[in-house]
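The lines below spell out each chain.
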Amino acid sequence: MSYRLQEFRAVHQLPGGTLFTRRRLAACAIVAVSLVAAWCLQQPNDADGQARPAATAIVQFSPASRQAAPALTGHLLDNSAFRLAEWRGSVVVINFWASWCAPCGDEAPDLQAVAEATAGLGVRVLGVNVNDDRDAARKFVDSYRLTYPSLFDPAGEIPLTFPAISPRTLPNTVVLDQAGNVAAVAQRKVTRTELEATVRALAVTE
């Protein structure tokens, strides 16, 4: 046996005598990458063990499969009280955001545009500012000239009440039908075109 082969075996041999050849190391690397990719693509499960929607699109739910949204209450960034139940009968867009979230800033003008374009249909837009500072959040609202209200949730508790979204990522958007049920979910930045089409369909056909 050559010296180089002996050296290679010494370096690539695990305790217990398992020999890792270069081919085997390459195969293990491929498997590891595949497992990581699968883990990243896997969506967390909700409380009922059902897979959450994929984060690549606005996922819409059929009327029969929709679940009631939690009864949101709290205070807005201007300190006024808010109860989501008072908006029952309207299609409601709930957007989870933070001032430090770059994609949240990217989508803010589109959310404002949807709020303005669909107000005549009774559509309401609500922001939920999470894990943030009130002053920074107010500056964000002023910077993007947002006219829709935002709940202030510095502890990030409200996202935990929505099993259809991941509380660990931002932004997230949930659309409620007139009955207060979750009709659509987006676990990424939304655009005006796709969001407006979603809420118009709900407002006009239901």
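Along every chain, residues carry numbers that run from 1 in the direction the sequence is written. In keeping with the model being predicted, local features are shown solely for residues with a pLDDT of at least 70 and side-chain atom pairs are shown and tallied solely at 80 or more, while totals for entire chains, interfaces and linings include all residues. No hydrogens and no water enter the side-chain calculation; it runs on all heavy atoms of the structure.

Focus: the sheet that holds strand β4 (residues 92–97)
Note on pairing: DSSP must find at least two bridges between two strands before they are called paired. The secondary structure listing takes helices from DSSP runs of H or I that are at least 4 residues long and strands from runs of E that are at least 2 residues long, numbered from the N terminus. In spatial order, the strands read β1-β8-β7-β4-β5-β6; together these six strands make up an open sheet with mixed pairing. Only two strands of the sheet have a single partner each, and these edge strands are β1 (59–60) and β6 (150–153). Note that β4 and strand β5 (residues 124–130) share six bridges and pair parallel. Paired with N95 across the strands is G127, a residue of β5. Along the sheet, helix α3 (residues 102–118) makes contact with β4, β5 and β7 (172–176), crossing β4 at roughly 165°. A contact between two residues is defined here by any heavy atoms of the two lying within 4.5 Å. To define axes, lines are fitted to C-alpha atoms, for helices over the stretch in contact only, and angles between the resulting N-to-C directions are given on a 0 to 180 degree scale.

Re the nonpolar core
As a rule of thumb, soluble globular proteins bury nonpolar side chains together. Ranked by internal contacts, the top residues of the largest apolar core, which has 29 residues, are V91, V93, W97, V175, L195 and V199. Secondary structure elements with two or more residues in this core: β4, α3, α4 (134–143), β8 (182–186) and α5 (192–205). Per-element tally for this core: the top contributor is α3, with five residues. Non-local contacts of L195, meaning those with residues more than four positions away in its chain, are made with I58, V93, L111, V114, T173, V175 and V190. Core analysis: the next-biggest nonpolar cluster, separate from the first, contains 21 residues, L72, L76, L126 and L151 among them. Residues grouped as a nonpolar core are buried Ala, Val, Leu, Ile, Met, Phe, Trp, Tyr and Cys residues, joined through side-chain atoms within 4.5 Å. Each residue is assigned to one of three classes by its accessible area relative to the maximum for its type, calculated with a 1.4 Å probe on protein chains only: buried under 20%, partly exposed between the two thresholds, exposed over 50%.

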